[in-house]
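Coordinate inspection notes
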Amino acid sequence: MQRIQIADSILKKLIANKKELTIEYAASNSAIPCFFIDDVLPEELIEKANAVFPASDELHLKKSLKQNKYVSAQMNSHHPFLEELLFAFQDKRIVKLIQEICSIESLIEADE
């Protein structure tokens, strides 16, 4: 599955829940407003991502007082599916819809 099809799936889920997500975001009491959506990806995509996700020794550990996490910026050094999945979330249609849900005037869009 390519990023356009993955983005289509994410977009469909967001559109189906737009009203509830907009209300949840507006009512968020946290210091950083947010919303949550369960099952944003179909189970088969989650299973595929899990199967090809890099082991911790293939990632860079960032550990300090402020953070303790494994990261990777070089997506081309991992399974191609992970890059497709990551960039699907940056699809312009998804960015635009999240902008609407959160009532944000402008979000930075990734260049394609």
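Structure shown above.
Residues numbered from 1 in each chain as written. Predicted model: local features only at pLDDT ≥ 70, side-chain atom pairs only at ≥ 80, totals over all residues. Heavy atoms only, no water.

In terms of nonpolar packing, the biggest core is built from 21 residues, with Ile 6, Ile 10, Leu 14, Phe 35 and Leu 41 touching the most fellow members. For this core, the secondary-structure elements that each account for two or more residues are helix 1 (3-16), helix 2 (18-27), helix 3 (43-52), helix 4 (80-88) and helix 5 (92-101). It is helix 1 that contributes the most residues to this core, 5 residues altogether. With residues up to four places along the chain from it excluded, the contact list for Leu 14 reads Leu 21, Phe 35, Ile 37, Ile 94, Leu 97 and Ile 98. (Core = buried A, V, L, I, M, F, W, Y, C linked by side-chain atoms within 4.5 Å. Buried < 20%, exposed > 50% of the residue type's maximum accessible area, 1.4 Å probe, protein only. Helix = DSSP H or I, 4+ residues; strand = E, 2+ residues; numbered from the N terminus. Contact = heavy atoms within 4.5 Å.)

With that settled, the discussion passes to the environment of Val 52. With respect to the element layout, Val 52 can be found in helix 3. On a C-alpha basis, the gap between Val 52 and Leu 82 in space is 7.6 Å, while along the polypeptide they are 30 residues apart. Dropping the residues within four chain positions of it, Val 52 is found in contact with His 79, Phe 81 and Leu 82.

The volume enclosed by the largest pocket comes to roughly 220 Å³. Considering the residues around the largest pocket, the lining is formed by Ala 49, Phe 53, Pro 54, Leu 59, Tyr 70, Val 71, Ser 72, Met 75, His 78, Leu 82, Leu 85 and Leu 86. Mapped onto the lining of the largest pocket, the elements with two or more residues apiece are strand 2 (68-71) and helix 4. Among the residues making up the lining of the largest pocket, the classes are represented as 10 nonpolar, 2 polar and no charged. (1 Å grid on protein atoms, 1.4 Å probe; cavity = no way out; pocket = protein on both sides within 12 Å on 5 of 7 lines; lining within 4 Å. Points joined across faces, edges and corners; volume = space filled by probe spheres on them. Nonpolar A, V, L, I, M, F, W, Y, C, P; charged D, E, K, R; others polar.)

Moving on, we get to the packing of helix 3 against helix 4. Look at helix 3 against helix 4: their axes get within 9 Å of each other, and the N-to-C directions meet at 130°. Here helix 3 lies oblique to helix 4, going by the angle between them. Both helix 3 and helix 4 take part in a crossing whose hand is left-handed. The segment helix 3 lies against helix 4, with Leu 45, Lys 48, Ala 49 and Val 52 engaging Phe 81, Leu 82 and Leu 85. Among the residues making up the contact of helix 3 with helix 4, the classes are represented as 6 nonpolar, no polar and 1 charged. (Axes fitted to C-alpha atoms, helices over the stretch in contact; angles between N-to-C directions. Parallel < 35°, antiparallel > 145°, perpendicular 65-115°, else oblique. Left-handed = near helix turned anticlockwise from the far one by under 90°.)

What follows concerns the packing of helix 2 against helix 5. Direction vectors running N to C along helix 2 and helix 5 enclose 50°, while the axes themselves pass 9 Å from each other. Classified by the angle their axes make, helix 2 and helix 5 are oblique. Between helix 2 and helix 5, the contacting residues are Lys 18, Leu 21, Thr 22 and Tyr 25 on the first element and Leu 97, Glu 100 and Ile 101 on the second.

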